[in-house]
Number of protein chains: 2
Amino acid sequence: MKSTTENKLEKVAGNGLLGRRAFFQKGIVWLGASAAGVSMAATTGDAAPPWMKTPGAPLRGYGQPSPHTEATQRQLLQPYGTMAPGSGASVTPLQDLNGIITPNGLHFERSHNGVPAIDPEQHELFIHGLVGQPLKISYNDLLRYPTVTRTCFIECSGNGLFNANLADEPMQMPVGHLHGLMSTSEWTGVPLSLLLDEAGIEAGAAWLLAEGADPVAMSRSIPVSKAMDDAMIALYQNGEPVRPEQGYPMRLLLPGFEGNMQVKWLRRIKVTDRPTYTKDETSKYSDHLADGSSNLFSFTMGVKSAITRPALPYRMQGKGFYEITGLAWSGHGAVTRVEVSADGGTSWADAELSSPALSMSPVRFRSPWQWDGSPSVLMSRAHDNKGNVQMSRADWSVKYAAGHLYHNNSIQAWAIATDGEIKNVWS
Amino acid sequence: MKSTTENKLEKVAGNGLLGRRAFFQKGIVWLGASAAGVSMAATTGDAAPPWMKTPGAPLRGYGQPSPHTEATQRQLLQPYGTMAPGSGASVTPLQDLNGIITPNGLHFERSHNGVPAIDPEQHELFIHGLVGQPLKISYNDLLRYPTVTRTCFIECSGNGLFNANLADEPMQMPVGHLHGLMSTSEWTGVPLSLLLDEAGIEAGAAWLLAEGADPVAMSRSIPVSKAMDDAMIALYQNGEPVRPEQGYPMRLLLPGFEGNMQVKWLRRIKVTDRPTYTKDETSKYSDHLADGSSNLFSFTMGVKSAITRPALPYRMQGKGFYEITGLAWSGHGAVTRVEVSADGGTSWADAELSSPALSMSPVRFRSPWQWDGSPSVLMSRAHDNKGNVQMSRADWSVKYAAGHLYHNNSIQAWAIATDGEIKNVWS
């Protein structure tokens with residue numbers, strides 16, 4: 001920021017962090033993009049850009065991104081060369097996004113043997129087990145049920161694994177790789193409580209088995225209390241039918257719970273009196289603690305934040321004004337506060353939060369920052385309305401066993417060198 | 001709804017309209033989808049559906065809808081066979097969507113000579129005219145400016161034209177054709193006030209000329225007051241870079257104003273002391289009144305609602321339970337109330353509104369309805385927090401001149417015949 005009014009800027013923490021009022025102070029020259037001497041005549045008529053001189057592309061039925069943004073893709077995480085092409089994950093490229101919503105084409109993927117090609121005319125949802133009346137509901141019938149809409153995140157419990165207790169040192173990779181197994185959609189569907197009420201849950205019912213119609217019949221155990229609280233059979237994602245990678249024609253939505261439980265391609269819910277201990281919840285998705293014990297059912301995703309810009313894979317473009325921005329979310333409730341530091345945690349300032357802050361919905365946080373070119377370390381720390389505070393990686397890593405990789409919601413930091421290089425460092 | 005508990009249902013208006021508590025009453029059999037006698041063994045192993053017996057599709061960089069939803073497309077409105085392929089509009093298929101957000105591929109289009117293929121590396125935004133310091137800002141520089149995020153609708157002022165004073169009788173067409181020149185996105189970008197402050201608006205400045213970089217240099221006049229209030233240079237749409245059809249790499253966003261003013265492919269803002277009276281605001285987009293006068297600058301889109309289901313192009317699937325649902329929005333503020341009628345306006349019941357209701361952001365409304373198979377007329381009527389109420393088509397049509405087609409926010413009705421046929425009728 002080159003400005004004659006620089007001394008008027010409200011400094012709110014060390015190393016150039018500015019208050020939100022800096023956004024709207026008069027007389028600030030953010031980037032000094034002067035057009036002095038530019039005549040508009042030099043940009044019109046023959047001098048106009050080429051796309052103003054020829055008819056543009058026709059209307060079309062279903063739009064696609066600009067060819068100039070084709071690098072904005074999900075990145076595949078398939079570390080084993082011999083892995084089946086449908087097994088693994090792909091991450092949302094957080095480094096190229098802004099706002100809160102994830103566009104449907106970029107929602108992260110996690111599948112265990114590929115995306116099934118389900119014919120909705122043949123797909124049925126069964127509800128059975130400890131119920132008075134088993135139900136078999138076709139997709140078309142389910143479309144007639146009452147619906148609700150809510151915006152919330154889905155996060156794979158393995159999100160943050162590259163900074164977890166698997167790693168010996170910080171890995172240098174895009175922010176999407178580090179935190180992009182988290183995506184946000186506006187979901188619309190049928191309250192699960194309504195279907196369970198219709199089936200009539202019997203005495204002794206305490207758990208559900210939810211099973212997908214994918215080739216591995218992915219299945220997890222879910223407490224009935226969650227099902228009756230805010231669970232949904234999601235049919236629409238950001239307005240349109242749920243995408244194949246996210247469970248078309250229907251998926252289970254469990255706001256705030258780990259992604260793996262929100263069973264995609266949902267075909268069956270069995271009401272039971274105890275957990276089923278499926279292969280998917282015993283072979284994976286358990287939390288191994290430093291004391292040798294394990295948490296088998298650790299469902300709720302912790303309070304977390306991540307700075308998505310400035311961040312890898314990019315580098316700084318010289319001294320001056322930057323907006324530090326990122327996402328913060330909590331499976332426990334609503335994010336109420338995000339602190340940002342530009343000096344590695346020595347001092348902190350409250351970032352501006354996008355509104356409204358909704359339960360289990362991320363907020364976008366923003367802090368204006370004046371980078372003077374000196375070495376800096378950027379960090380963010382989120383708080384939620386249930387009193388949870390994001391912890392440092394140092395604290396997180398001693399809580400869990402060596403090799404543990406799930407539920408890493410610790411603070412991650414970006415170190416910025418004088419030459420503008422950005423590096424992932426541990427907090 | 002076949003139910004032994006039918007007499008417990010809360011009737012809130014005539015002809016079967018139910019209260020929202022009907023959504024969550026215990027013991028209701030919505031569609032009677034009994035699975036009695038179905039053994040789960042008959043759906044597993046060899047009897048499992050074919051997509052559980054073969055590996056699914058691989059992970060991919062940018063997802064697409066299911067092939068089974070390929071009919072969910074924008075529909076082209078190009079009534080003149082000789083029209084240039086890039087001139088006209090395409091509508092959001094509201095009949096197949098739910099929730100509030102419009103997925104980016106289905107946001108309505110309106111272009112006057114096609115979608116320009118803009119190279120973002122060459123695109124520049126000029127701010128000139130009555131300013132202290134003209135600005136020339138590259139796309140990459142603009143990406144470094146402070147950003148804000150808001151969810152709001154954009155509506156073409158021609159939305160509803162098929163039911164406007166052009167028509168002699170109600171036209172039978174999908175609800176997307178009738179109301180789908182309105183779409184909703186989460187928009188993120190740079191506050192225009194910040195750029196105008198940087199340029200330094202001079203005394204006497206009262207209007208802006210905003211011009212697009214499309215082949216027709218689409219341009220409109222905008223009051224400075226709106227620009228300083230809540231206008232945005234939008235760079236992101238539902239998280240990702242703005243789509244080509246919506247103005248890539250940048251568009252003007254004027255929450256609540258008619259869509260045509262929210263200039264796409266924005267290249268120039270000239271600060272002026274009076275309106276420029278461009279061809280786009282004098283040849284079109286004026287409101288002709290019944291008394292022979294015209295409103296030249298009628299910017300704000302009125303309070304409006306539309307029932308998107310049950311609606312054309314579909315028909316009823318027999319007696320029983322239906323959710324009456326649709327969208328309501330207002331360019332004046334937030335929608336606070338939507339009434340629904342199932343008896344052609346004789347009686348009304350308040351619909352349930354999705355929360356939160358944000359200014360210039362649509363709400364989804366929902367009312368449970370028990371259709372007994374008798375002829376019915378469904379209507380909705382929206383109210384906003386500024387005291388505006390949606391008017392009948394009869395009242396609207398006498399306000400405006402014959403042939404007038406803009407700003408039709410009147411109530412539209414769906415008549416349902418005993419055989420399940422749905423027809424557009426006038427209110």
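Residues numbered from 1 in each chain as written. Chains lettered and ligands numbered in written order. Predicted model: local features only at pLDDT ≥ 70, side-chain atom pairs only at ≥ 80, totals over all residues.

Once that is clear, we can look at the overall build of chain A. Counting secondary structure elements, chain A contains 6 helices and 26 strands. Taking 2.2 N^0.38 as the reference for a compact globule, 427 residues should give roughly 22 Å; the C-alpha atoms of chain A span a radius of gyration of 24 Å, in line with that estimate. With respect to the principal axes defined by its C-alpha atoms, chain A has extents near 80 × 60 × 45 Å. The 427 residues of chain A split such that 56% are buried. For chain A, long-range pairs separated by at least 24 residues make up 71% of all intrachain contacts whose partners lie at least 6 apart in sequence. (Helix = DSSP H or I, 4+ residues; strand = E, 2+ residues; numbered from the N terminus. Rg over C-alpha atoms; globule rule 2.2 N^0.38 Å. Buried ≥ 20, exposed ≤ 12 C-beta atoms within 10 Å, placed from the backbone. Contact = placed C-beta atoms within 7 Å.)

Residue and element names in this part refer to chain B. Here 5 strands make up an open sheet; going across it, the order is 21-20-24-25-26 and the pairing antiparallel. Strands at the two margins of the open sheet, each flanked by one partner only, are strand 21 (349-350) and strand 26 (422-426). Inspection of the sheet shows strand 20 (residues 335-341) paired to strand 24 (residues 376-384) by 6 bridges, in the antiparallel sense. When the sheet's bridge partners are listed, Arg337 is paired in strand 24 with His383. (Pairing = 2+ DSSP bridges.)

This paragraph deals with the domain arrangement of chain A. Residues and elements named next belong to chain A. Taken domain by domain, chain A holds domain 1 (124-284) and domain 2 (304-426). For domain 1 versus domain 2, the distance between C-alpha centres works out to 28 Å. With 24 residues of domain 1 at the interface, the matching set in domain 2 holds 29 residues. Elements that contribute at least two residues to the side of domain 1 that touches domain 2 include exactly strand 8 (148-155), helix 2 (175-179) and strand 9 (182-191). Of the residues assigned to the side of domain 1 that touches domain 2, the class counts are 14 nonpolar, 10 polar and no charged. (Domains from an automatic or database assignment. Nonpolar A, V, L, I, M, F, W, Y, C, P; charged D, E, K, R; others polar.)

This paragraph deals with the pairing of strand 25 (residues 412-416) of chain A. All names here are of chain A. Most of strand 25 is tucked away, with 4 of its 5 residues classed as buried. Sheet topology places strand 24 (residues 376-384) next to strand 25; 4 bridges connect them, and they run antiparallel. Residue Met379 lies in a different strand from strand 25, and its bridge partner there is Ala413. Where strand 25 and strand 26 (residues 422-426) come together, 5 bridges link them in antiparallel fashion.

Residues and elements named next belong to chain A. Within the secondary structure, Ala311 sits in the loop between strand 18 (304-309) and strand 19 (320-329). By the C-beta count within 10 Å, which is 23 here, Ala311 ends up buried. Sequence separation of Ala311 and Met173 is 138 residues, and the distance between their C-alpha atoms is 9.4 Å.

Overlaying chain A with chain B gives an RMSD of 0.0 Å, the required rotation being 180 degrees about an axis along which the chain moves by 0.0 Å. When the rotation and shift are considered jointly, the pair of chain copies conforms to a two-fold rotation axis. Residues of chain A ranked by C-alpha distance from the rotation axis are headed by Pro103 of chain A, positioned 3.6 Å from it. Take the interface residues of chain A: 100% of them recur as interface residues in chain B, which is what a same-surface contact looks like. (Least-squares fit on C-alpha atoms with pLDDT ≥ 70 in both.)

Here we come to the interface of chain A and chain B. If you look at the interface, chain A gives 101 residues, while chain B gives 101 residues. Of the residues belonging to the side of chain A that touches chain B, the class tally is 51 nonpolar, 32 polar and 18 charged.

Pro249 of chain A follows Tyr248 of chain A through a cis peptide bond whose omega is 5 degrees. Cis geometry marks the peptide bond from Leu312 of chain B to Pro313 of chain B; its omega dihedral reads 15 degrees. The topology assignment puts Pro313 of chain B in the loop between strand 18 (304-309) and strand 19 (320-329). Residues other than glycine seldom take positive phi values, yet Trp265 of chain A does so here, at roughly 50 degrees. Tracing the backbone shows Trp265 of chain A in the loop between strand 14 (251-253) and strand 15 (266-272). On the neighbour-count criterion, Trp265 of chain A (29 C-beta atoms within 10 Å) is buried.

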